[in-house]
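Observations on chain architecture
Listed below are the residues making up each chain.
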Amino acid sequence: MHAILLFAHGSRDPLWHRPIQAVAARIAQRAPHIAVRCAYLELTEPSLAQAAAEVVQQGATSLSVLPLFLGVGKHAREDLPELMQALRQAHPDLHITCQPAVGEHGALLDLLADIALEKPNDLNKEPVN
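A short note on a nonpolar patch on the surface
A cluster of nonpolar residues, L70, L109, L111, L112 and I115, forms a patch on the protein surface that exposes about 460 Å² of accessible area. For L112, the location among the structural elements is in helix 4 (residues 106-116).

Looking at the sheet that holds strand 2 (residues 35-40)
Pairing is parallel across the open sheet formed by 4 strands, whose spatial order is 2-1-3-4. The sheet is open, and its two borders are formed by strand 2 and strand 4 (95-98), each paired with just one other strand. On average, adjacent strands in this sheet sit at an angle of 20° to one another, irrespective of strand direction. Bridge count between strand 1 (residues 2-8) and strand 3 (residues 62-67): 6 bridges; the pairing is parallel.

With respect to unusual backbone geometry
Of note, the amide linkage connecting E45 to P46 takes the cis form, showing an omega dihedral of 10°. Note that P46 resides in the loop between strand 2 and helix 2 (48-57). One non-glycine residue, L43, adopts positive backbone phi at about 75°. The residue L43 is located in the loop between strand 2 and helix 2 in this model. Taking relative accessible area as the criterion, L43 reaches 40% and is therefore assigned partly exposed.

Let's talk about the pairing of strand 1
Taken across its 7 residues, strand 1 has 6 buried, putting it largely inside the fold. Bridge count between strand 1 and strand 2: 6 bridges; the pairing is parallel. Within strand 2, the residue paired with F7 across the bridge is A39. In terms of handedness, the path from strand 1 via helix 1 (residues 18-30) over to strand 2 forms a crossover that is right-handed.

Thoughts on the packing of aromatic side chains
Across all of its chains, the model carries 2 aromatic pairs by this definition. Ring geometry for F7 and F69: centres 5.8 Å apart, planes at 80°, overall edge-to-face. Placement of the pair is F7 in strand 1 and F69 in the loop between strand 3 and helix 3 (74-90), with a sequence separation of 62 residues. This pair shows no difference in class: F7 is buried, exactly as F69 is.

The rules behind the values
Residues numbered from 1 in each chain as written. Predicted model: local features only at pLDDT ≥ 70, side-chain atom pairs only at ≥ 80, totals over all residues. Heavy atoms only, no water. Patch = residues over 30% accessible without salt bridge, like charges linked within 9 Å, V, L, I, M, F, W, Y side chains within 5 Å. Areas by Shrake-Rupley, 256 points an atom, 1.4 Å probe, with all protein chains shown as cover. Salt bridge = Lys/Arg side-chain N within 4 Å of Asp/Glu carboxyl O. Helix = DSSP H or I, 4+ residues; strand = E, 2+ residues; numbered from the N terminus. Pairing = 2+ DSSP bridges. Axes fitted to C-alpha atoms, helices over the stretch in contact; angles between N-to-C directions. Buried < 20%, exposed > 50% of the residue type's maximum accessible area, 1.4 Å probe, protein only. Right-handed = clockwise from strand over helix to strand, strands pointing away. Phe/Tyr/Trp six-rings, centres within 6.5 Å; stacked < 30°, edge-to-face > 60°.

If you want it as structure tokens, here you go:
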């Protein structure tokens, strides 16, 4: 079984988590055979290690981490590689990959530009949750 961990910064504010959880729900809907979990760097749980342990316990044999960072700052450059190394040490039989931060994906950058260029009457749409 393959698993995806959506890795974000974290927040004490429960409303902050809604977009990350919405992405997880969309992945689960599109690919129900893939285990998907949210994981956080700080201020909330589960941590990356906790989420990985959960999917491994459920039978995951491969794991992909998607960092949900727009900017590639200290967390993506320094903290995440250390966390990935710890995951690989904790689960040596698990095939683990880490995708680039979402802020490095051209498709997301194009989508953000499209959103910025929407006509004012398009802005009255309901937010996506």
